[in-house]
Amino acid sequence: MTESTDAARRDLLLPDVEFEAQDAAVAERPRRPRSPRRRRTWVEGGTSVEHWGWELLGWAVLALGAGLVAGAALNEFVPQPLGPTLSLLALWVAFAVPVLLAFRRSVPRALLRFRPLDLLYALSLGILLRIMQGWLDMAAGGTGAWPSYPTAGGALPSGWLFDELVAATVAGPVLEEFFFRGLILVAAYTAVRRLAGRGVAGFAATLVSTGLFVAAHALLVPAAWDQALSLALVGIVASLLVLLTGRIWAAVLMHVVYNGMWVALATVGTLLGGSSGPTLG
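Residues numbered from 1 in each chain as written. Predicted model: local features only at pLDDT ≥ 70, side-chain atom pairs only at ≥ 80, totals over all residues. Heavy atoms only, no water.

You'll find the protein chain entered in an unreviewed UniProt entry as CPBP family intramembrane metalloprotease, with Microbacterium wangchenii given as the organism.

Right, here's the structure in full:
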């Protein structure tokens, strides 16, 4: 009786012992490290643009309109040379404030990344666009002469350092690209992508960003068809760079190269006594 009872108890305890041995073996197995889950860039959606969309786009357009009105008023009623400078500063504020507020809300993931390839894109496309601008100028009846500033005696204009080197070559392109491509393009793309997908969103965002970019320049300085087309090409190329790479620095540097090439050519042309060339876009 006792032996049978002990045997029954061993049978009841044996499964527990086996399970414990199996658990110990499993615990001793080396666990494979889990690969980190890739977070989506702003082009793919995700939480970094969760609060970007129609609202931000609307505020950006309102800021642009306010900046253009304020700039026109300052340019009209404040005497030179202070008027044009204050007009430009008012427009810069209209660009910078909505961008800073939007980025304070959230920064689109990967938008601010920089890769060495961005510099290659900027140099090649900026030079190509400037060459195309020269072709368009000649197609519109221009002489194709070496550009220069309209000054007397072959000297650079008195405000050259700020107006051309700082404003046109550095500050202007940076602020414009962050506003038109970093804010308007991303907000428009994100809003349309939720409704119609990435392909339609890319087309719509490029159209909106480039259209506002050209319209803003045309309202400030009336442009001939060749100048408007050159600006449109800059806007389209910059938009495609941002959409295809997911980064903004290639577009920013391309705009810097595009403007900087004209400033460099006009500076050399003026110092060498050249004739006036096409206006800077």
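There is more to say, and it comes next.
(A) Highlighting the packing of aromatic side chains. Within the structure shown, the criterion is met by 10 aromatic pairs. Geometrically, the ring pair formed by Phe-95 and Phe-180 is edge-to-face, given 5.6 Å between the ring centres and 65° between the ring planes. Taken as a pair, Phe-95 in helix 3 (residues 82–105) and Phe-180 in helix 5 (residues 160–196) lie far apart in primary sequence, 85 residues in all. Ring geometry for Phe-103 and Phe-178: centres 6.3 Å apart, planes at 65°, overall edge-to-face. Here the residue Phe-103 occupies a position in helix 3, and Phe-178 occupies one in helix 5, the gap between them amounting to 75 residues. Phe-178 carries the same exposure label as Phe-103, and that label is buried. Among the aromatic residues, those joined into a ring-pair cluster are Trp-52, Phe-103, Phe-178 and Trp-249. (Phe/Tyr/Trp six-rings, centres within 6.5 Å; stacked < 30°, edge-to-face > 60°. Helix = DSSP H or I, 4+ residues; strand = E, 2+ residues; numbered from the N terminus. Buried < 20%, exposed > 50% of the residue type's maximum accessible area, 1.4 Å probe, protein only.)

(B) Layout of helix 5. In this model, helix 5 (37 residues) spans only 47 Å end to end at C-alpha, well below the 54 Å of a helix rising 1.5 Å per residue. The largest bend in helix 5 amounts to roughly 55° and is located at Ala-167. Counted residue by residue, helix 5 has 26 buried out of 37 residues, so it is predominantly covered. Following helix 5 by one or two positions, Gly-197 has its phi on the positive side, about 95°. (Expected span 1.5 Å × (residues − 1). Bend = angle between axes of the 7 residues up to and from the residue.)

(C) Structural view of the pattern of salt bridges. Tallied over the entire structure, the rule returns 3 salt bridges. In this structure, Glu-55 and Arg-105 form a salt bridge, with 3.7 Å as the shortest nitrogen-oxygen distance. With Glu-55 in helix 2 (residues 54–77) and Arg-105 in helix 3, this pair connects stretches of sequence that are 50 residues apart. (Salt bridge = Lys/Arg side-chain N within 4 Å of Asp/Glu carboxyl O.)

(D) Main features of the confidence of the model for the protein chain. Within the protein chain, residue pLDDT values average 86, and 83% of them lie at 70 or more. No element of the protein chain has a lower mean pLDDT than helix 1 (residues 2–28), which averages 52, and none a higher one than helix 7 (residues 225–245), which averages 96. (pLDDT = per-residue confidence, 0-100.)

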